[in-house]
There are 2 protein chains.
Amino acid sequence: VAYRLAFIGFGTVGQGLAEILLDKREALRSQYGFEWEVVAISDITKGAVYSEKGLDLSGVLSVLQKTGRLDGYSEGIKGWDSLKTIRETNADVIIEVTFTNIETAEPALSHVKTALSLGKHVVTSNKGPAALALEELTNLAKEKGVFFKFEGAVMSGTPLISVGLNGLAGSEIQEIRGILNGTTNYILTEMEKGKTYEEALREAQRLGYAEAVPDADVEGWDALAKILILANALMKANLKVKDVEREGITKITPSDIEEARREGKRWKLIARAQREGGKVTAQVRPQALPLEDPLAQVMGVTNALTFRTDLLGGVTVIGPGAGRKETGFALLTDLLEIHRYLSHGSRS
Amino acid sequence: VAYRLAFIGFGTVGQGLAEILLDKREALRSQYGFEWEVVAISDITKGAVYSEKGLDLSGVLSVLQKTGRLDGYSEGIKGWDSLKTIRETNADVIIEVTFTNIETAEPALSHVKTALSLGKHVVTSNKGPAALALEELTNLAKEKGVFFKFEGAVMSGTPLISVGLNGLAGSEIQEIRGILNGTTNYILTEMEKGKTYEEALREAQRLGYAEAVPDADVEGWDALAKILILANALMKANLKVKDVEREGITKITPSDIEEARREGKRWKLIARAQREGGKVTAQVRPQALPLEDPLAQVMGVTNALTFRTDLLGGVTVIGPGAGRKETGFALLTDLLEIHRYLSHGSRS
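All of the points below concern the structure found in this document. A quick note: this is a predicted structure, and the numbers were derived from the prediction, not measured. The residue count restarts for each chain, going from 1 along the sequence in the order it is written. Here chains are named by letter from A upward and ligands by number from 1 upward, in the order in which they appear as written. For this predicted model, a pLDDT threshold of at least 70 governs which residues receive local features, and a threshold of 80 or more governs which side-chain atom pairs are given and counted, while totals over whole chains, interfaces and linings are taken from all residues. Hydrogens are left out, water is left out, and the side-chain values use all remaining heavy atoms of the structure.

1. Observations concerning the overall build of chain A
- Only DSSP runs of H or I covering at least 4 residues are called helices, and only runs of E covering at least 2 are called strands; the numbering of each starts at the N terminus. Each helix and strand counted, chain A has 14 helices and 13 strands in total.
- Within these notes, the globule rule equals 2.2 Å times the number of residues to the 0.38 power, and the radius of gyration is based on C-alpha atoms. Radius of gyration (C-alpha) of chain A: 21 Å, near the 20 Å computed for a compact globule of 348 residues.
- Seen along its three principal axes, the alpha-carbon backbone of chain A occupies a region of about 65 × 45 × 35 Å.
- To sort residues, take the accessible area from a 1.4 Å probe on protein chains only and compare it with the maximum for the residue type: under 20% means buried, over 50% means exposed, and anything in between is partly exposed. For chain A, buried positions account for 58% of its 348 residues.
- Partitioning the contacts of chain A with sequence separation of at least 6, the portion at a separation of at least 24 is 70%.
- Positive charges come from Lys and Arg, negative ones from Asp and Glu, while His and the chain ends are left out of the count. Here the site of a charge means atom NZ of a Lys, CZ of an Arg, CG of an Asp or CD of a Glu. Taking the average place of the 42 positive charges on the side chains of chain A and the average place of its 46 negative ones, the gap between the two points comes to 2 Å. Residue contacts are counted whenever heavy atoms from the two residues lie within 4.5 Å of one another.

2. Topic: the relation of the copies chain B and chain A
- In superposing the copies, a least-squares fit is computed on C-alpha atoms, taking residues whose pLDDT is at least 70 in both. Here chain B sits on chain A after a turn of 180° about the axis and a move of 0.0 Å along it, with an RMSD of 0.0 Å. Considering both components of the superposition, the chain copies are consistent with a two-fold axis. Considering only C-alpha atoms, the part of chain B nearest the rotation axis is V317(B), at 2.3 Å.
- Most of the interface of chain B is mirrored in chain A, where 100% of its interface residues again form contacts.

3. Topic: helix α1 (residues 12-23) of chain B
All names here are of chain B.
- Every helix has an expected span of 1.5 Å times one less than the residues it contains. When the terminal C-alpha atoms of α1 are compared, their 16 Å separation across twelve residues agrees well with the 16 Å that a helix rising 1.5 Å per residue should span.
- Of all the residues in α1, the buried ones are G14, Q15, G16, L17, A18, I20 and L21.
- As for α1, its buried residues are in contact with β1 (3-8), α2 (25-32), β2 (36-43), α3 (57-67), β5 (93-96) and α14 (324-342).

4. So, the sheet that holds strand β12 (residues 303-309) of chain A
- By the convention used here, strands pair only if DSSP detects at least 2 bridges between them. On the basis of which strands lie adjacent, the open sheet formed by twelve strands has the order β9(A)-β11(A)-β10(A)-β8(A)-β12(A)-β13(A)-β13(B)-β12(B)-β8(B)-β10(B)-β11(B)-β9(B) and mixed pairing. In this open sheet, the two edge strands, each paired with only one partner strand, are β9 (245-246) of chain A together with β9 (245-246) of chain B.
- Relative to strand β13 (residues 313-319) of chain B, strand β13 (residues 313-319) of chain A is paired through three bridges, and the arrangement is antiparallel. Looking at the pairing, T316(A) lines up with I318(B) of β13(B).
- Its contacts with the sheet place helix α9 (residues 182-192) of chain B against β8 (173-179), β10 (265-276) and β12 (303-309) of chain B, and it is angled at close to 145° to β10(B). For helices, the axis comes from a line fit to the C-alpha atoms of the stretch in contact; other axes are also lines fit to C-alpha atoms, and the angle between any two N-to-C directions lies between 0 and 180 degrees.

5. Things to note about the packing of aromatic side chains
- Two rings belonging to Phe, Tyr or Trp (six-membered ring only in the last case) form a pair when the distance between their centres is within 6.5 Å. Interplanar angles under 30 degrees mark stacking, angles over 60 mark edge-to-face geometry, and anything in between is tilted. Scanning the model with the defined rule gives 13 aromatic pairs over all chains in all.
- On the numbers, 5.1 Å between centres and 35° between planes, the contact of Y50(A) with W80(A) is tilted. Pair noted here: Y50(A) is in strand β3 (residues 47-50) and W80(A) is in the loop between β4 (77-78) and α4 (82-88), with a separation of 30 residues, a long-range link.
- Joined through ring pairs, the aromatic side chains of F147(A), Y341(A), F147(B) and Y341(B) make up one cluster.

6. With respect to the interface of chain B and chain A
- Taken together, the contact between chain B and chain A spans 45 residues of the former and 45 residues of the latter.
- Note on definitions: buried area is the accessible-area loss of two parts on being combined, 1.4 Å probe, summed for both. Of the roughly 3800 Å² buried at the junction of chain B and chain A (both faces included), carbon and sulfur atoms supply 62%.
- Contact with chain A buries area across many residues of chain B, yet L311(B), L312(B) and Y341(B) alone supply 17% of it, more than any other trio.
- The partner of D310(A) in a salt bridge is K24(B), and the shortest N-O contact between them spans 2.5 Å.
- For this analysis, a polar contact is any N or O atom pair within 3.5 Å, provided that within protein one partner can donate a hydrogen and the other can accept it, and provided that sequence-adjacent residues contribute only side-chain to side-chain pairs. At the surface where chain B touches chain A, the tally comes to 15 residue pairs in polar contact (both at pLDDT 80 or more). Basic side-chain nitrogens of Lys or Arg form a salt bridge, by our definition, when they fall within 4 Å of a carboxyl oxygen of Asp or Glu.

7. Looking at the packing of α9(B) against helix α10 (residues 197-206) of chain B
All names here are of chain B.
- Closest axis-to-axis distance for the α9/α10 pair is 9 Å, and the angle between their directions is 130°. In terms of orientation, α9 lies oblique with respect to α10. As for how α9 packs across α10, the hand of that crossing is right-handed. When α9 is examined against α10, the residues Y186, I187, E190 and M191 are found in contact with a partner set consisting of Y197, A200, L201, E203 and A204. Orientation labels follow simple angle bins: below 35 degrees gives roughly parallel, above 145 gives roughly antiparallel, 65 to 115 gives roughly perpendicular, and whatever is left gives oblique. In this scheme the handedness of a crossing depends on how the near helix is turned from the far one: anticlockwise by less than a right angle means left-handed, clockwise means right-handed.

8. Observations regarding the side chain of T124(A)
- With respect to the helices and strands, the residue T124(A) is situated in strand β6 (residues 121-124).
- Within polar-contact distance, the side chain of T124(A) engages the backbone oxygen of E96(A) at 2.6 Å.

9. Side note on the environment of G68(B)
All names here are of chain B.
- As for its position among the elements, G68 is in the loop between α3 and β4 (77-78).
- Separated by 21 residues in the primary sequence, G68 and G47 have C-alpha atoms spaced 9.4 Å apart.
- With sequence-adjacent residues up to four places away left out, G68 is seen in contact with K46 and V63.

10. Focus on the pattern of salt bridges
All names here are of chain A.
- Going through the model one piece at a time under the given rule, you end up with 46 salt bridges over all chains.
- Note that R25 is salt-bridged to E37, the shortest N-O span being 3.5 Å. You can see R25 sitting in helix α2 (residues 25-32) and its partner E37 sitting in strand β2 (residues 36-43), a full twelve residues away along the chain.
- Under the relative-accessibility criterion, E37 is labelled partly exposed at 27%.

11. Side note on the sheet that holds strand β6 (residues 121-124) of chain B
Residue and element names in this part refer to chain B.
- Pairing is mixed in the open sheet, where seven strands are placed in the order β4-β3-β2-β1-β5-β6-β7. The two strands at the open ends of the sheet, each matched to only one other strand, are β4 and β7 (148-149).
- In terms of strand pairing, β1 meets β5 through four bridges, oriented parallel. Bridging across to β5, F7 finds its partner in I95.

Structure follows, in structure tokens:
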């Protein structure tokens, strides 16, 4: 039986997943026994299309490419908004890939709650719901016997949530410490090559790594959302946004960089959560790390995280932290994990 | 219901797992719903003990510590050998932790085959069976509806098999490249500090990192077994020992080290498998890596592996590669993975 997927939001990441699903259709079937149909796509600016028998996804993508819209596609029902799509289509997995809102998590939070309440699995790369309402959503999913998966919310397809929840299961994670924002790491890397902060930021903007208003990255909000997700998902911290100390990289000067270099150190924007005396606290702030620290060697837009556990010492995972294909892939790994559990017994 | 465990072999790693199981009994129950009894332990030199109702594991450990033997324990049936223990006890999970034999994989291979044939799950850190007979054992496990798990065979508890099979599921792994032997990496690290090969080897022996006859490490056999496991498990390569090119580190001289340093490089014993033209090949050999390579920064006994995939670029995992607690923990993560699948629906 094929999973019936509905995309809520269909920007870069959603389209990235769609392309991967099409490219890998045969491999997913033969290697994992995973089959899929996309029954609905609803995007607030591009329109919406639904067919209970499944859309011709490559047809939809090609219409989208030509017209910029989904409702130019010849078949199916048009115009259903996100909540109607979640409620009234026959989708059994909702792929929530709308924009992140770190203040209210909306509209994604309503999308996720509605889907889980109706007994539909949710797979998302949206940071909002996982950062602001993880416990509630996890409990709701459990109650309804479905999955809420969010691997792509932290380091795109680089497996972090799955390493923390599964690979390190049985150990107690005492500290997580990482470079969770590629834009700021790129800026710091360029400053080390001699640029000022402003020059490096402009270069990051030119390359599409930083937004015109770069605050979400350079003021540490993006890293904050991610450490919040990790602390709450992997360390059962139940922290809120206001509990996380936050300082960005905007005050770092070329002379700070130079002074660190003389001391054999390198500035990084470090997101960290640690358990001390039974309590988990978290911070995002620039730190000058000694070069022997594996995180100090992570340059450019690459991300990395070190887990410190009671049984294993330090384990570091380094990989891409963003990207159309990379984040689309994160959603696929979540779909495949759901499939592994649901198909257990007939697994290959 | 509690899993009924039998240890086949009870050296450092088996005792490491036993200690972890005792320390974490309550946490495993409350966090994962995982309960266990050890019903049997059979070791070729320490004797054997079996009780169908479960042994008092801390009592057995304390007798072992005092007497060096298992059969001094006051209760239970004594003297059953490994195969009788696998066949005739009521264990439903066999923990195979006898010594690695890279030529025939015996006696571990017979242990694993017997257990799987009888419908018992197998969890092992033994490299032999996974390196020499992975396809056969995987098929046998599938046919019998049980699990064959071997996370600890490659990088102790550092999650590699689970990252490759689960975290990266859906991507095609095109290359794996890593430092899979801590002893040789320690020796190369010490040589960089100015020691000769012989001095560094003696130091490694003094610290217990290298054996009196160090060939398994320094000639690359240990790394070969591990890359074979990874290539066959994660890249469906079906390679044999003889298919893997192998060169150790015994010919590396201080002047090689110095020359590499002048070129901004560092010698590492690299185990590698890559897919080219549909065919997977593998090698173990020393290479001078540029310092920008994440593997070049991995010093001492630490291990690391870089996965290169079609969808994600490079993902590197760095962590411990050996150790009593670390490898014992690998066995625990395998037990918990089995439990996650078997208990799906009632998972917490």
